[in-house]
Amino acid sequence: MMASSYNAKEEDGHHSGSSTHGGTGAAKNKKPDNTAFKQQRLPAWQPILTAGTVLPAFFVIGLMFIPIGIGLYVTSNNIKEYEIDYTGIEPNSPCYDCANNFTWNSTTSCVCTVNFTLVQPFESNVYMYYGLSNFYQNHRRYVKSRDDSQLNGVQSSLLNPSKECEPYRTNPETKQPIAPCGAIANSLFNDTLELYYNHPDGNTSKVNLVKKGIAWYTDKNVKFRNPGNEKDNLTERFKSTAKPVNWMKPVYELDPLDPENNGFINEDFIVWMRTAALPTFRKLYRIIQKKPDSTPTLPSGRYFLKITYNYPVRSFDGRKRMILSTISWMGGKNPFLGIAYITVGSICFFLGVVLLIIHHKYDTRTNSADIPN
Amino acid sequence: MQSLFKCAVAFTSFKVEYVFTDKTGTLTENNMEFIECCVDGNVYIPHAICNGQILSAASSIDMIDSSPGGYRREYEDLFFRALCLCHTVQVKEEETVDGIKRGIHQGRPTSFYISSSPDEVALVEGMKRLGYTYLRLKDNYMEILNKDDEIERFELLHVLNFDSVRRRMSVIVKSISGEYLMFCKGADSSIFPRVVSGKVEQVKTHVEQNAVEGLRTLCVAYRRLSESEYQEACHYLTEAKLALQDREQRLAQAYDVIERDFVLLGATAVEDRLQEKAADTIESLHKAGIKVWVLTGDKMETATATCYASKLFRRSTQILELTKKRTKEQSLHDVLFELSRTVLRQRSISGLSVDCLDFGLIIDGATLSAVLKPSQEVSGHGNYREIFLEICRNCSAVLCCRMAPLQKAQIVKLIKSSKEHPITLAVGDGANDVSMILEAHVGIGIMGKEGRQAARNSDYAIPKFKHLKKMLLVHGHYYYIRIAELVQYFFYKNVCFIFPQFLYQFFCGFSQQPLYDTAYLTLYNISFTSLPILLYSLVEQHVTIDTLKREPSLYRDIAKNSLLRWPVFLYWTCLGVFDAVIFFFGAYFLFDNTTFTSNGQLMTTNTQMMFGNWTFGTLIFTVLVFTVTLKLALDTRHWTWINHFVIWGSLLFYVIFSLLWGGIIWPFLNYQRMYYVFMQMLSSGPAWLSIILLITVSLLPDVIKKVLCRAICPTATERAQISQKLLPGSVAEVTPLSFRRSYKGRSTDSTLLHLGAAETLSLRSCSPLPQKLLAHLAEGGGSDLTSLSPYMLRLSGAGVAYYAPGPETPV
């Protein structure tokens, strides 16, 4: 009896459900449903990664990546970039005195000028960066030492900054809350860089540096907000707060001439507040707009950079740089991406050839080996 | 607790190397049929063969073939009466069994026999067919209906119950005429020494012959007791039964005293049919490289015959015997050493091709206990155990007969604790297998006739032995590859996840600055990468079920835990580290000097982007999530719609989540570090290019490794995948509805034909002849396969063109 009921059931576990082979009702309830999922009978697509199927993919990748890589590489090479280190470590460098005589309490700023020559003219928009080395903006305690809600203009946070800001939360003497609080804000880069062009005829003219449009739009307009009533004076709105310890002037004097770029929404400040990923970094400082006529933005020739030297880096062996760079559709000068694309494309292409050989050599063998099965 | 642990073992390493199986009820149906009996050398065969429980309509007809014609009529009567009386069968007069009302046959109610032993039922029913019907036990009188339709009554005085030590049982009855009779039935080995007269030699040869055919034999003897002898026996029994101490022992002594001086009446042969596809299953297990051990309480000859029928032993198998018979002649020591020499010599000769000759070992319980006995005498003899293990290791099949239940567990324990620590599986159906089921790593219970003890104590319960094949070869295989992938993929994806974090510490002054945002840290393992692997470990089928069933040797591919060994684990880890290095340094070089900027003109016109540390982390994380998910996609062989949904869904979820997470100033957070980071990143062309590049590079080594391995040294599984692909009408593509049909088509297409396939074939074809063959095969097993070849010829002539007897076809 048992045997016959089994024959009817077939062996694949396709229990028809109605079969009664002496099982009690309880046992029947435990039976998994006869669904495709539970019986592992879902229809499926079963691709196999063989040399034959992968071959085209390799060739396609190779043929796509190599042109992209070449394009990237050429673009990157066309980008002009000029970099000056003005830290003032070497005794003969122009800023040596400023770097050495730095004191925190000095009221007058030290100014130094660095001369340089651009061999090639810079076309289109030129971007001016400052670069810092050995500056760990990504240190954990540094990164979290800020109060985003204070920066967003929340009044309560302005007067009572987050604990994360310690020890730059309140002024130790006046006990007033610091605005903006925290180590990031406290260490704001405050060198002033000015660029002058020596005309061939002997005149010097100041290059116009645009200081707006260097921060993320969303940061400038949403994430960073000045506290208080829009109509009030900014000084009034930051009343009863203290300036960060290392700052020379309070936050509402960052750009006294332009209220749209003052206080927390000062773009230099916003750029600084976006902490860099790596200890050597550069941050956008100014933009030199291209001229309406066809003359290059920065014609080749002699320039000098006038630096108001406020930012000490010698204590941590840091370096300061000024970078002038044009930009392309793929960003700044970085040959890495192009080289990587060319390399990977070539490897894929080469592997495609190898696989083609293997495919031809072994395909017959594997097929013949199948037959006994 | 223990079963929890066992479940864990069963799941994590389903690569079974040893299968221990019970014989009765597991390999066989445990559905006894009375085949023949031998009374004083004359053979009686009842015609109608019917099942043990249901009476055929043609019952109670005199079926004796060769009536002895008055010759020793007395013995015959005694023999049949003995079988009718000497049992513990109960009669169930009521017709409701299994809730089905059974009709009344031939004008009188049909009765059912119920007993703890199916053999007894078979015997009593056999007697019924031979004309002697046991009617009932009423008021201590046993009533039987003899051939002449007369009711005979015997007073039941004593029952000397069966036990596995004595291996016999007796009853003492008093006939109407006042005679005291003691009937005894039991195993030949326990009866013959106690017999004083009768045709011992003739019966003995007959019993041997039956045993060779795989029939279960019992000998029947009787003794006439005088009044005084009876009183004496009564006295012994009562005393023993009333004893307060050592009752069992004293009962055994009493039995021993009483059961002697028998007159041999004859022997019976009961057949226990092999379960369907038992042979196919065992053969498949063999091909899968699993060593099958049969542990049984039956006598050696019976068990050996079953083993041949079930293809545990083949004609080519060289049988090594380690039995009491042999150890009587030589010392155990010598036998063991001789066997191990044979085995080792063979191995050294054949070298690599071990398969060309396989050994089968037969050992009986007595010898086994001698082997396992911790020797107190000489230290040199203490390593019998080791020698025995060495022999066993080289045998593909081992038969242990005459085993006590505890010895079964002992054997399992012995193998389990041997130095390779193989994974063992025990399968059994009765209470006597429980100890072995509990001892083995994986215990499987068969829900048979002997109750549910085995099923209750098992890790898995199956209805038939043949299901073991699918369970091990298909589901075991699947579970194994799924678990292996699951475990290693988890390591891999977390190495990929955490190693960039580690590398970042070198660039952030070892300040433990997290590379990823907290939301990403939290959700990586929970949401972004969890479902694809979960689904993979639920539905992956790297080879179809049919292929796995058809080619048991694929199981060897996962032999010795091959997917969870150090090299494989190291490969995964190295791949993880490689990918992590690619992620991190790829992003590092792109961010070097923070040249990685964009004029942002792709999306917003007035933004010059300077990317900070959170963009750096987000870029790495994006590449990470995509790579890790696509890596699993590369490993997935079985793409159901759920796989598609889950894999692409996970990636989509990640993107949507990131957009949402960065798109809002979340009021409950005291930091807004992710605000617009993801969007700004996506608005930069180089970010897209680098994401594509890094994903490609990370996946490249694994693809190359897969392709090269497959092309240069494909495993059997991989070859099976290809050939499966080449077969027209691949099963995988069909819907469940058409599944059955296509399966059928494939089995006829298949060029490979074992016995199992032949059965399928013959069942499918409509001609009655192959079914007869099937019946023949099922019944006779290997015993009368000489008669098979004409059938085979005729079968192939009958229009089934694909039948080609392979080397494994039994002869």
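From a predicted model like this one, the values you see are computed outputs, not experimental measurements. (Residues numbered from 1 in each chain as written. Chains lettered and ligands numbered in written order. Predicted model: local features only at pLDDT ≥ 70, side-chain atom pairs only at ≥ 80, totals over all residues. Heavy atoms only, no water.)

All right, on to the overall build of chain B then. Secondary structure summary: chain B contains 31 helices and 22 strands in total. Looking at chain B as a whole, 58% of its 811 residues are labelled buried. Taking the contacts inside chain B whose residues are at least 6 apart along the sequence as the reference set, 71% of them involve residues at least 24 apart. Total accessible area on chain B is roughly 33,300 Å²; 60% of this is exposed by carbon and sulfur atoms. (Helix = DSSP H or I, 4+ residues; strand = E, 2+ residues; numbered from the N terminus. Buried < 20%, exposed > 50% of the residue type's maximum accessible area, 1.4 Å probe, protein only. Contact = heavy atoms within 4.5 Å. Areas by Shrake-Rupley, 256 points an atom, 1.4 Å probe, with all protein chains shown as cover.)

When its secondary structure is counted, chain A shows 12 helices and eight strands. Looking at chain A residue by residue over its 373 residues, the buried ones come to 49%. Counting contacts in chain A only where the partners sit at least 6 residues apart, residues at least 24 apart contribute 76% of the total. Counting only carbon and sulfur atoms, one obtains 55% of the accessible surface of chain A, whose full area is about 18,000 Å².

This part is about the sheet that holds strand β22 (residues 460-462) of chain B. Residue and element names in this part refer to chain B. The eight strands lie next to each other as β17-β18-β19-β16-β1-β20-β21-β22, forming an open sheet whose pairing is parallel. The sheet terminates laterally at β17 (318-322) and β22, the two strands that pair on one side only. Across this sheet, the average inter-strand angle for adjacent strands is 20°, counted without regard to direction. The sheet contact formed by strand β16 (residues 291-295) and strand β19 (residues 395-401) spans four bridges and is parallel. The partner of Trp-293 across the bridge, within β19, is Val-398. Relative to strand β18 (residues 359-364), helix α13 (residues 365-372) is tilted by about 90°, and along the sheet it contacts β17, β18 and β19. Against the sheet, helix α18 (residues 467-505) touches β1 (18-22), β20 (424-428), β21 (442-446) and β22, its axis set at about 140° to β22. (Pairing = 2+ DSSP bridges. Axes fitted to C-alpha atoms, helices over the stretch in contact; angles between N-to-C directions.)

All names here are of chain B. Following the criterion strictly, the structure yields nine cavities of 30 Å³ or more and no others. Taken together, Arg-223, Leu-225, Glu-229, Glu-232, Ala-233, Tyr-236, Val-257, Ile-258 and Arg-260 make up the lining of the second largest cavity. Residue contributions to the lining of the second largest cavity peak at four residues, all from helix α7 (residues 227-242). A breakdown of the residues in the lining of the second largest cavity according to their chemical character gives five nonpolar, no polar and four charged. (1 Å grid on protein atoms, 1.4 Å probe; cavity = no way out; pocket = protein on both sides within 12 Å on 5 of 7 lines; lining within 4 Å. Points joined across faces, edges and corners; volume = space filled by probe spheres on them. Nonpolar A, V, L, I, M, F, W, Y, C, P; charged D, E, K, R; others polar.)

Moving on, we get to the UniProt feature "binding site: Mg(2+)" (unreviewed entry) in chain B. Residues and elements named next belong to chain B. Under the feature "binding site: Mg(2+)" (unreviewed entry), the UniProt entry names Asp-22, Thr-24, Asp-429 and Asp-433. Maximum C-alpha separation among the annotated residues is 10.5 Å over a sequence range of 412 residues, consistent with a single clustered spot. Locating Asp-22 in the fold gives a position in strand β1. Leaving out residues up to four positions away in the same chain, Asp-22 has contacts with Leu-27, Leu-295, Lys-408, Val-427, Gly-428, Asp-429, Asp-433 and Met-436. At a separation of 3.1 Å, a polar atom in the side chain of Asp-22 contacts the side chain of Lys-408. Inspection of the secondary structure puts Asp-429 in the loop between β20 and α16 (434-439). Its relative accessible area of 0% is what places Asp-429 among the buried residues. When near neighbours in sequence (up to four residues on either side) are disregarded, Asp-429 contacts Asp-22, Thr-24, Gly-25, Thr-26, Asn-30, Ile-446, Glu-450, Gly-451 and Ala-454. (UniProt positions renumbered as here; feature names shortened; annotations may be inferred. Polar contact = N/O pair within 3.5 Å; in protein donor to acceptor, adjacent residues only side chain to side chain.)

Residue and element names in this part refer to chain B. Relative to the assigned elements, Lys-185 resides in strand β12 (residues 180-186). By relative accessible area, which is 6% here, Lys-185 ends up buried. Separated by 98 residues in the primary sequence, Lys-185 and His-87 have C-alpha atoms spaced 8.6 Å apart. The contacts of Lys-185, once residues within four sequence positions are left out, are Leu-83, Cys-86, His-87, Glu-120, Leu-123, Arg-168, Met-169, Ile-191, Leu-218, Cys-219 and Val-220. A polar side-chain atom of Lys-185 sits 3.0 Å from the main-chain carbonyl oxygen of Cys-86.

So, about the domain arrangement of chain A. Often, the extent of an interface is quoted as the loss of accessible area upon association of its parts. The assigned domain composition of chain A is domain 1 (52-79 + 333-362) and domain 2 (82-327). Averaged C-alpha coordinates put domain 1 of chain A and domain 2 of chain A at centres separated by 42 Å. (Domains from an automatic or database assignment.)

Here we take up the sheet that holds strand β3 (residues 126-133) of chain A. Note on sheets: strands pair through backbone hydrogen bonds, and any given pair is parallel or antiparallel. Residues and elements named next belong to chain A. Here we have four strands laid out as an open sheet, ordered β1-β8-β3-β6, and antiparallel in their pairing. Edge strands, defined here as strands with exactly one partner in the open sheet, are β1 (81-85) and β6 (281-288). Here the average twist between neighbouring strands, direction ignored, is 20°. Sheet topology note: the β3/β6 ladder contains seven bridges and is antiparallel. Residue Tyr-130 lies in a different strand from β6, and its bridge partner there is Lys-283.

A separate point is the state of the cysteines. All names here are of chain A. Tallying each qualifying case throughout the model produces three disulfides over all chains. Sulfur-sulfur distance for the disulfide between Cys-95 and Cys-112 comes to 2.0 Å. Judged by the torsion about the S-S bond (80°), the Cys-95/Cys-112 disulfide is right-handed. Pair noted here: Cys-95 is in the loop between β1 and α4 (96-100) and Cys-112 is in strand β2 (residues 110-118), with a separation of 17 residues, a long-range link. Each member of the pair, Cys-95 as well as Cys-112, carries the same accessibility label: buried. Cys-165 shares a disulfide with Cys-181; S-S distance 1.9 Å. In this pair, Cys-165 is assigned in the loop between α7 (155-159) and α8 (183-186) and Cys-181 in the loop between α7 and α8, connecting sequence segments 16 residues apart. Cys-181 matches Cys-165 in its accessibility class, with the two residues each being buried. (Disulfide = S-S within 2.5 Å.)

Counting 80 residues, the largest nonpolar core has A:Phe58, B:Tyr520, B:Phe584, B:Phe616, B:Phe621 and B:Leu624 as the members making the most contacts within it. Sort the elements by how many residues they give to this core and helix α26 (residues 685-712) of chain B lands first, with 12 residues. What B:Phe584 contacts, discounting residues up to four positions off in sequence, is B:Pro500, B:Leu503, B:Tyr504, B:Phe507, B:Leu515, B:Phe616 and B:Ile620. Counting residues in hydrophobic clusters, the runner-up holds 63 residues, among them A:Cys112, A:Ala185, A:Leu305 and A:Met322. (Core = buried A, V, L, I, M, F, W, Y, C linked by side-chain atoms within 4.5 Å.)

Attention now moves to the domain arrangement of chain B. Residue and element names in this part refer to chain B. Once the domains are mapped, chain B shows domain 1 (16-25 + 275-373 + 382-463), domain 2 (31-58 + 72-94 + 109-269) and domain 3 (473-599 + 611-721). Put simply, the middle of domain 1 and the middle of domain 2, counted by C-alpha atoms, are 32 Å apart. Contacts between the two partners involve nine residues from domain 1 and, on the opposite side, 13 residues from domain 2. Interface area, domain 1 with domain 2, both sides summed: about 910 Å², of which 46% is carbon and sulfur. Three residues, Lys-299, Arg-402 and Lys-449, lead the burial of domain 1 against domain 2; their summed loss comes to 44% of the area buried on that side. At the junction of domain 1 with domain 2, the criterion picks out zero salt bridges. At the junction of domain 1 with domain 2, the criterion picks out zero residue pairs in polar contact (both at pLDDT 80 or more). Grouping the constituent residues of the side of domain 1 that touches domain 2 by class yields one nonpolar, three polar and five charged. (Buried area = accessible area lost by both parts, 1.4 Å probe. Salt bridge = Lys/Arg side-chain N within 4 Å of Asp/Glu carboxyl O.)

This next bit is on the packing of α18(B) against helix α20 (residues 530-539) of chain B. All names here are of chain B. The interhelical angle for the contact between α18 and α20, taken along N-to-C directions, is 165°, at an axis separation of 8 Å. Considering their axes alone, α18 and α20 lie roughly antiparallel with respect to each other. Note that α18 runs across α20; the crossing there is right-handed. Only Ser-530, Ile-533, Tyr-536, Ser-537, Leu-538 and Val-539 of α20 make contact with α18, whose side of the interface consists of Arg-482, Glu-485, Leu-486, Tyr-489, Phe-490 and Lys-493. Its residues assigned to classes, the contact of α18 with α20 shows seven nonpolar, two polar and three charged. (Parallel < 35°, antiparallel > 145°, perpendicular 65-115°, else oblique. Left-handed = near helix turned anticlockwise from the far one by under 90°.)

Before going further, it helps to examine the packing of α13(B) against helix α15 (residues 405-416) of chain B. All names here are of chain B. Interhelical geometry of α13 versus α15 gives an angle of 45° and a closest axis separation of 11 Å. Relative to α15, α13 is oriented oblique. Crossing of α13 against α15: the hand is left-handed. In this structure, α13 contributes Gly-365, Leu-368, Ser-369 and Leu-372 to the contact, and α15 contributes Gln-407, Gln-410, Ile-411 and Leu-414.

Moving on to helix α23 (residues 613-635) of chain B. Look at α23(B): 33 Å from first C-alpha to last across 23 residues, which is about the 33 Å you get at 1.5 Å a residue. When you tally the buried positions in α23(B), you get 21 out of 23 residues, the bulk of the element. (Expected span 1.5 Å × (residues − 1).)

All names here are of chain A. Per the counting criterion, the structure on display carries 73 aromatic pairs over all chains. A ring pair is formed by Tyr-196 and Phe-304, whose centres lie 4.9 Å apart and whose planes are at 15°; its orientation type is stacked. Remark: Phe-304 occurs in strand β7 (residues 301-309) and Tyr-196 occurs in strand β4 (residues 192-198); sequence separation between them is 108 residues. Both residues of the pair, Tyr-196 and Phe-304, belong to the buried class. Looking at Lys-320, its charged tip hangs above the ring of Tyr-309, at a distance of 3.5 Å from the centre. (Phe/Tyr/Trp six-rings, centres within 6.5 Å; stacked < 30°, edge-to-face > 60°. Lys NZ or Arg CZ within 6 Å of the ring centre and 35° of its normal.)

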